[in-house]
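Chain by chain, the residues:
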Amino acid sequence: MLLQMYADVHFRRALMDGFFSICDNVTESLDDIMSCGDLKDKIIRLQVSPRKITQTFIQDLPMDIQLHPKNFDHVLYVYKLRGRYFWGISPRDLHMTTRPEYKEDEDTRHTNRAYFKIKEVMEVMELEFDRSSSVCLDIGAAPGGWAEYTSTKFASVVCIDPAELHPDIEKLENVTHIKKKLEDSIEELMEIKKLQTTRWVRFLCL
């Protein structure tokens, strides 16, 4: 679980730093964030990781800071890692998952909303991979939203999760499901030939 959280934070930080340049501030104290003048006169949506610190963060915010999960004009990103806070503020139009073309409608059904999240990331960032050799390692894959999409973009997808995948995802020829936790899957991962021979492996954690 620690490895999954560590990789997850680093993937999202790489996403923010590389694409939006949002998390461009680092501090060891939340007070530095609370006292930031850029938060005033804005309606803020919070994006905090790990989530368990969200409530504490909200309680410590000054009373004049306006928060709203939907009707916001800016997003405050705060990621805590190894005792430090990586943070930044961005306008709403730079925030992923607010684009209507990546919302599920009645005519478009997929495994779950995770399908649209990874679809948006890969399309907006124009990420392309070698379909002949690339492997996606999906940690915490159930029920299979990421695997549904990445199976069309990678040569193969290895899903790690003790829970069940959607039956339609289990049937996909290029999807392998290891029904274990990550820490219990190392031996099987090492035995998968395609992980040993591929030229490029991408780690994606949900």
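Novice: Any chance you could explain the overall build of the chain here in plain terms?
Specialist: Regarding its fold elements, the chain presents eight helices and nine strands. Excluding contacts between residues fewer than 6 apart, the proportion of contacts in the chain whose partners are at least 24 apart in sequence is 55%. When the accessible surface of the chain is totalled, it reaches about 11900 Å², and 49% of it is carbon and sulfur.

Novice: I'm lost on the nonpolar core in this one. Help?
Specialist: In summary, soluble globular proteins display a tendency toward joint burial of nonpolar side chains. The biggest cluster of nonpolar side chains holds 18 residues, and the ones touching the most others in it are Ile118, Met122, Val157, Cys159, Leu165 and Val175. Elements with a contribution of two residues or more to this core: helix 4 (114–124), helix 5 (145–150) and strand 7 (156–160). Looking at this core element by element, the count peaks at six residues for helix 4. Excluding its chain neighbours within four sequence positions, the residues that come into contact with Val157 are Cys136, Asp138, Ala147, Thr150, Ser151, Asn174, Val175 and Thr176. Leu30, Leu46, Ile53 and Tyr85 belong to the second largest nonpolar core, which has 16 residues in total.

Novice: Explain the sheet that holds strand 4 (residues 74–81) here, please?
Specialist: Two pairing modes exist for strands in a sheet, parallel and antiparallel, and in both the strands are linked by backbone hydrogen bonds. With mixed pairing, the five strands of this open sheet are ordered in space as 1-5-4-2-3. Each of the sheet's edge strands pairs with one partner strand only, and the pair in question is strand 1 (25–27) and strand 3 (66–67). Sheet topology places strand 1 next to strand 5 (residues 84–91); three bridges connect them, and they run antiparallel. Looking at the pairing, Asn25 lines up with Trp87 of strand 5.

Novice: Could you clarify how one ought to interpret the pairing of strand 7 in this entry?
Specialist: Looking along a regular strand, one sees side chains alternate from face to face of the sheet. By the criterion of burial, strand 7 is predominantly enclosed, with five of the five residues buried. Covered by surrounding structure in strand 7 are Ser156, Val158 and Ile160 together with Val157 and Cys159, the residues of both alternating faces. Direction of pairing for strand 6 (residues 135–139) relative to strand 7: parallel, over a ladder of five bridges. Following the sheet pairing, Ile139 is matched in strand 7 by Ile160. Between strand 6 and its parallel partner strand 7, the chain crosses via helix 5, and the hand of that crossover is right-handed. Summarising the sheet, strand 7 and strand 8 (residues 175–178) pair through four bridges and their orientation is parallel.

Novice: Help me understand the packing of aromatic side chains in this model?
Specialist: How two aromatic rings sit relative to each other is given by the distance of their centres and the angle of their planes. Throughout the structure, instances matching the rule amount to three aromatic pairs. Centroid distance Tyr115 to Phe116: 5.3 Å. Interplanar angle 80°. Geometry classified as edge-to-face. With respect to burial, Tyr115 and Phe116 carry one shared label: buried. Residues Phe129 and Phe154 carry aromatic rings whose centres are separated by 4.4 Å and whose planes lie at 20° to one another, so their mutual orientation is stacked. Taken as a pair, Phe129 in the loop between helix 4 and strand 6 and Phe154 in the loop between helix 5 and strand 7 lie far apart in primary sequence, 25 residues in all. Phe154 shares its class with Phe129; the two are buried. Through successive ring pairs, a cluster of aromatic residues spans Tyr115, Phe116 and Tyr149.

Novice: What's the story with unusual backbone geometry in this structure? I'm lost.
Specialist: The phi torsion of most residues other than glycine is negative, and most of the peptide bonds are trans. Here Ser49 and Pro50 are connected by a cis peptide whose omega angle stands at 0°. Note on placement: Pro50 falls in the loop between strand 2 (43–49) and helix 3 (54–60). For the peptide bond that leads from Ala142 to Pro143, omega is 0°, which places it in the cis range. Take Pro143: it is sitting in the loop between strand 6 and helix 5. We note that Asp41 has phi near 60°; this positive angle belongs to a residue other than glycine. Within the secondary structure layout, Asp41 lies in the loop between helix 2 (30–34) and strand 2.

The rules we used
Residues numbered from 1 in each chain as written. Predicted model: local features only at pLDDT ≥ 70, side-chain atom pairs only at ≥ 80, totals over all residues. Heavy atoms only, no water. Helix = DSSP H or I, 4+ residues; strand = E, 2+ residues; numbered from the N terminus. Contact = heavy atoms within 4.5 Å. Areas by Shrake-Rupley, 256 points an atom, 1.4 Å probe, with all protein chains shown as cover. Core = buried A, V, L, I, M, F, W, Y, C linked by side-chain atoms within 4.5 Å. Buried < 20%, exposed > 50% of the residue type's maximum accessible area, 1.4 Å probe, protein only. Pairing = 2+ DSSP bridges. Right-handed = clockwise from strand over helix to strand, strands pointing away. Phe/Tyr/Trp six-rings, centres within 6.5 Å; stacked < 30°, edge-to-face > 60°.

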